[in-house]
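Report on the structure
The primary structure of each chain is shown beneath.
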Amino acid sequence: PSVHSERDRVIATLPTGDSVEVLTYGATVVSWKSNGKENLWLSSAAKLDGSKPVRGGIPVVFPCFGPPPKDHATGKLPQHGFARNSTWEYMGKSSSESGKLASGGDDAVTMDFGLSTQQLSDEARQAWSYKFDLIYSVTLGRDGLQTMLRVQNKGSESFEFQMLLHTYFKVDNVSKTQINGLGSTSYSDKVLNASEQTQTDPTIRINGEVDRVYKSIKQNTTSILQDGQPQLDVIRDNLEDTVVWNPWIEKAKSMADFEPNDGYKNMVCVEVGAVNGWQKLDPGDTFEGGQIVKSHL
Ligand code: TA6
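What counts, and at which threshold
Residues numbered from 1 in each chain as written. Predicted model: local features only at pLDDT ≥ 70, side-chain atom pairs only at ≥ 80, totals over all residues. Heavy atoms only, no water. Pairing = 2+ DSSP bridges. Helix = DSSP H or I, 4+ residues; strand = E, 2+ residues; numbered from the N terminus. UniProt positions renumbered as here; feature names shortened; annotations may be inferred. 1 Å grid on protein atoms, 1.4 Å probe; cavity = no way out; pocket = protein on both sides within 12 Å on 5 of 7 lines; lining within 4 Å. Contact = heavy atoms within 4.5 Å. Buried < 20%, exposed > 50% of the residue type's maximum accessible area, 1.4 Å probe, protein only. Salt bridge = Lys/Arg side-chain N within 4 Å of Asp/Glu carboxyl O. Points joined across faces, edges and corners; volume = space filled by probe spheres on them. Nonpolar A, V, L, I, M, F, W, Y, C, P; charged D, E, K, R; others polar.

Turning our attention to the pairing of strand 2 (residues 9-13). With four bridges joining them, strand 1 (residues 2-5) and strand 2 adopt antiparallel strand pairing. In the sheet register, Val3 faces strand 2, and the bridge partner there is Ala12. Once strand 1 ends, the chain turns through three residues before running back antiparallel as strand 2. Pairing geometry for strand 2 and strand 3 (residues 19-23), over five bridges, is antiparallel. Counted as the bridge partner of Arg9 is Leu23 from strand 3.

The residues that UniProt annotates with the feature "active site" (unreviewed entry) are His166 and Glu271. These residues run over 106 residues, yet every pair of their C-alpha atoms falls within 4.8 Å of each other. Of the annotated positions named here, the largest pocket is lined by His166 and Glu271. Structurally, His166 can be placed in the loop between strand 11 (159-165) and strand 12 (168-170). Beyond its immediate sequence surroundings of up to four residues, His166 is in contact with Gly57, Ile58, Pro59, Val61, His80, Trp245, Cys269 and Glu271. Relative to the helices and strands, Glu271 is located in strand 21 (residues 267-281). Residue classification places Glu271 among the buried positions, given a relative accessible area of 1%. Discounting chain neighbours no more than four positions away, the residues touching Glu271 are Phe65, Leu164, Leu165, His166, Thr167, Asp241, Thr242, Val243 and Trp245.

Right, let's get into the pattern of salt bridges. Summed over all chains, the structure comprises 12 salt bridges. Taken together, the salt bridges that share partners define one network made up of Asp8, Arg9 and Glu21.

Of the volumes computed, that of the largest pocket is approximately 390 Å³. Around the largest pocket sit 23 residues that line it, and Arg55, Gln79, His80, His166 and Trp245 are the ones nearest its centre. Counting residues per element, the ones that place at least two in the lining of the largest pocket are strand 20 (241-246) and helix 2 (248-254). When the residues that make up the lining of the largest pocket are grouped by side-chain class, the tally is nine nonpolar, five polar and nine charged.

To continue, consider unusual backbone geometry. Across the junction of Phe62 and Pro63, the peptide omega takes the value 0°, indicating a cis bond. Examined against the element boundaries, Pro63 turns out to sit in the loop between strand 6 (60-61) and strand 7 (89-93). The phi angle at Trp248 is positive, at roughly 60°, despite the residue not being glycine.

This is the structure we're talking about:
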């Protein structure tokens, strides 16, 4: 494998030609190509200069998902927290066999990115003053992309957090996309006023705005099919929840950085996370969670 790092991004390539590109801004994966095909959707108007979170790829959501509750310690943070709009440090290749996709050798390479309290903007640090350390490991393997977030509490008081990987998958036609693996799971439907529902049909289809937080999912693999053919498997690692989102026509138009306007036809977000309630982390403790995404194409 080869790893090429520039000022604001790192690109890893395997001998197969598979590649992944990560911005130090937000440690945002903006491209993952396997078998010559791009797996992630990226808005053509996505800001890649750090002026706002990237519209596409895999934004890292931490320490809160969505608009934080005003009465919570994260209450003064922006929607989805500060991880995706902070500049992380590229820490180099890691040889640890940390993930399931063993790094090293010809078939995988792992790049680590770090973010800790002193790297935060003053604004973010004032809004959430806990001492923490994040290590985000991106492993490009022959049979998939693994992204793992390790959270460590470096302070003397416990804190609560949520985390989520806000992955935008690229699909040929969302109207012919099916999502399996969430059957009989309860979810809160943010399009229906966050009402509690249960997924009775084992297959999810997208034919309108979808914004659902599936919780305590039993099966750890969520599959995305295109025209009935398996396209992507999203495997959760130590995370129990998954958000399924497509903005559809009106919401897509309302986002200035969502281009082209009909780009909703070519993407679906399947976002693994721990977002149902809060994870409590005591001083010195560590939490690790993430995903392995496998492409069938
Ligand atoms: O993950 C779904 C969601 O929470 C939607 O409600 C929508 O807000 C989306 O995230 C994008 O949020 P952003 O802050 O990136 O515009």
